[in-house]
Amino acid sequence: MTDKYGRIIDYMRVSIIDRCNLRCQYCMPTDIKWIPPQEILSLEEITEICRQASQIGIKKIKVTGGEPLIRKGCVDLIRMLKEIPGIEQVTLTTNGVLLAQYAEQLNNAGLDAINVSLDTLDPEKYLKITQSDALADVLDGISAIEKYDFPLKINSVLQRGVNDSDWQELIGLAKDRRIDVRFIEMMPIGHGKQFNPISNAEILQKLREHYGAVEEVEKVRGNGPATYCHIPAFTGNIGFISAIHGKFCSACNRIRLTSTGQIKPCLCYEDHISLKEAVRSGRTDEIQKLLLSAIDRKPDGHRFDESEMITEKHEMAQIGG
Ligand code: SAM
Ligand code: SF4
């Protein structure tokens with residue numbers, strides 16, 4: 001499906017839960033008002049929406065949350081999504097805490113790729129950022145998943161004065177391993193508003209100062225907006241998702257489905273269309289129409305640089321990051 005700005009929309013991020021087993025400072029530092037379970041779509045309802053989405057041109061699905069692996073049946077959902085004709089790729093974003101436990105099942109379910117969010121390799125900083133001492137579990141999870149053939153990416157958000165110096169240790173994961181390490185600029189959504197984003201250009205500059213010339217990687221390596229570079233002698237690549245300082249809205253290819261069945265055309269705005277009633281009452285033909293309306297309502301871009309224009313009030317974990 002092509003939207004009115006000529007962008008091909010073929011990717012849907014699907015949040016399956018608002019809850020999480022971590023409390024990242026910029027995402028969910030304290031308990032939030034949990035969504036009542038009856039408001040959350042069942043796995044079958046999520047699958048039906050994805051089936052309808054595939055009919056209007058969605059080809060790639062990212063399962064996210066909250067923390068998707070704490071939802072019972074997450075692996076079953078991945079298996080069901082993989083069976084939908086037209087869905088070419090099902091991927092997962094996780095904090096990695098439970099990954100060691102699920103790696104084999106995820107592989108058997110046919111998962112196509114995985115992103116693990118990890119902002120530091122320092123146990124003390126990890127505790128400060130996530131309010132959890134689960135770093136060793138995450139590292140075990142990464143090792144467990146490496147045994148399989150998944151493309152594996154580490155996503156890191158840097159905060160000044162907290163982990164901004166950790167970029168070098170983090171990219172070390174890409175040195176001898178088949179892992180891409182990507183830096184995501186902090187976005188002013190939910191608690192993220194309280195942070196001053198570090199520009200990815202700043203990290204790239206440091207990288208160049210340290211490693212000399214780095215090669216730009218032309219090939220698109222994921223579902224979206226990351227740009228990549230390669231450090232000679234490294235196995236993996238280094239990626240940058242620069243939502244703030246390198247606005248990529250003209251190439252936006254996505255819509256988002258929240259755990260309560262709302263389709264969001266853009267992360268910046270509260271605008272949404274609810275599919276819950278249509279899916280719960282079995283009006284499947286209406287789902288496609290609502291999906292098309294949401295795509296039609298996609299704005300030309302975010303206005304993260306004008307705080308009064310950001311109308312989205314929910315936390316990232318509630319929307320599905
Ligand atoms: N719990 C899973 C995880 O951490 O990967 C999936 C959900 S989490 C919301 C998805 C991603 O959003 C994580 O990589 C996290 O670092 C990122 N994130 C959360 N809040 C953010 C913000 N305000 N700006 C940029 N990235 C953010
Ligand atoms: Fe949980 Fe992911 Fe948000 Fe951290 S970023 S609190 S792991 S949902």
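A. Quick peek at the overall build of the protein. A count of helical and extended segments in the protein gives 10 helices and 12 strands. Taken against the 2.2 N^0.38 rule, which gives 20 Å for 321 residues, the C-alpha radius of gyration of the protein at 19 Å falls within 12% of a compact globule. Residues classed as buried in the protein amount to 57% of the 321 residues present. Across the protein, the 40 positively charged side chains and the 45 negatively charged ones have centroids separated by 3 Å.

B. Inspection of the site of ligand 1 at higher detail. Tyr26, Gly66, Thr93, Ser117 and Met187 are the nearest of the 19 residues found near ligand 1. For ligand 1, an oxygen atom lies 3.4 Å from a polar atom in the backbone of Thr94. The separation between a nitrogen atom of ligand 1 and a polar main-chain atom of Met187 is 2.7 Å. Protein contact buries 94% of the 550 Å² of open area that ligand 1 shows by itself. Among the residues making up the shell around ligand 1, the classes are represented as eight nonpolar, nine polar and two charged.

C. Region of interest: the site of ligand 2. Near ligand 2 you find Cys20, Leu22, Cys24, Cys27, Met28, Gly66 and Asn95, and these make up its full shell. Its residues placed into classes, the shell around ligand 2 shows five nonpolar, two polar and no charged.

D. Geometry of helix α5 (residues 135-146). Taking 1.5 Å of rise per residue, the 12 residues of α5 would be expected to cover 16 Å, and the 17 Å separating its terminal C-alpha atoms lies within 8% of that figure. For α5, the set of buried residues is Leu135, Val138, Gly141, Ile142, Ala144 and Ile145. Each element contacted by the buried residues of α5 is listed here: α3 (99-109), β4 (113-117), α4 (123-130), β5 (152-157) and β6 (179-184).

E. Geometry of unusual backbone geometry. The backbone of Gln131 sits at a positive phi, close to 60°, despite the residue not being glycine. In this fold, Gln131 is placed in the loop between α4 and α5. Backbone geometry at Ala233 places phi at a positive 80°, although glycine is not the residue there. As for its position among the elements, Ala233 is in the loop between β8 (227-230) and β9 (238-241). A residue is classified by how much of its surface remains accessible, and Ala233, at 64% relative accessible area, is exposed.

F. Structural detail: helix α1 (residues 43-55). With 13 residues, α1 extends 19 Å from end C-alpha to end C-alpha; this agrees with the ideal 18 Å at 1.5 Å per step. Taken together, the buried positions of α1 are Leu43, Glu45, Ile46, Thr47, Glu48, Ile49, Cys50, Gln52, Ala53 and Ser54. For α1, the secondary structure elements touched by its buried residues are β1 (11-15), β2 (60-64), α2 (74-82), β10 (254-257), α8 (276-280) and α9 (284-296). Following α1 by one or two positions, Gly57 adopts a phi angle in the positive range, close to 110°.

G. Focus on the packing of aromatic side chains. Under the criterion given, the structure shown has four aromatic pairs. Ring centres 6.5 Å apart and planes at 85° place the aromatic pair Tyr26 and Phe195 in the edge-to-face group. Separated by 169 residues along the polypeptide, Tyr26 in the loop between β1 and α1 and Phe195 in the loop between β6 and α7 (200-211) bring together distant segments of the chain. Tyr26 gets classed as buried once you look at its relative accessible area, which sits at 14%. Judged by its relative accessible area of 25%, Phe195 is partly exposed. With centroids separated by 5.6 Å and ring planes inclined at 80°, the aromatic side chains of Tyr211 and Phe234 adopt a geometry described as edge-to-face.

Conventions adopted
- Residues numbered from 1 in each chain as written.
- Chains lettered and ligands numbered in written order.
- Predicted model: local features only at pLDDT ≥ 70, side-chain atom pairs only at ≥ 80, totals over all residues.
- Heavy atoms only, no water.
- Helix = DSSP H or I, 4+ residues; strand = E, 2+ residues; numbered from the N terminus.
- Rg over C-alpha atoms; globule rule 2.2 N^0.38 Å.
- Buried < 20%, exposed > 50% of the residue type's maximum accessible area, 1.4 Å probe, protein only.
- Lys, Arg positive; Asp, Glu negative; His and termini not counted.
- Charge placed at Lys NZ, Arg CZ, Asp CG, Glu CD.
- Near = heavy atom within 4 Å.
- Polar contact = N/O pair within 3.5 Å; in protein donor to acceptor, adjacent residues only side chain to side chain.
- Areas by Shrake-Rupley, 256 points an atom, 1.4 Å probe, with all protein chains shown as cover.
- Nonpolar A, V, L, I, M, F, W, Y, C, P; charged D, E, K, R; others polar.
- Expected span 1.5 Å × (residues − 1).
- Contact = heavy atoms within 4.5 Å.
- Phe/Tyr/Trp six-rings, centres within 6.5 Å; stacked < 30°, edge-to-face > 60°.

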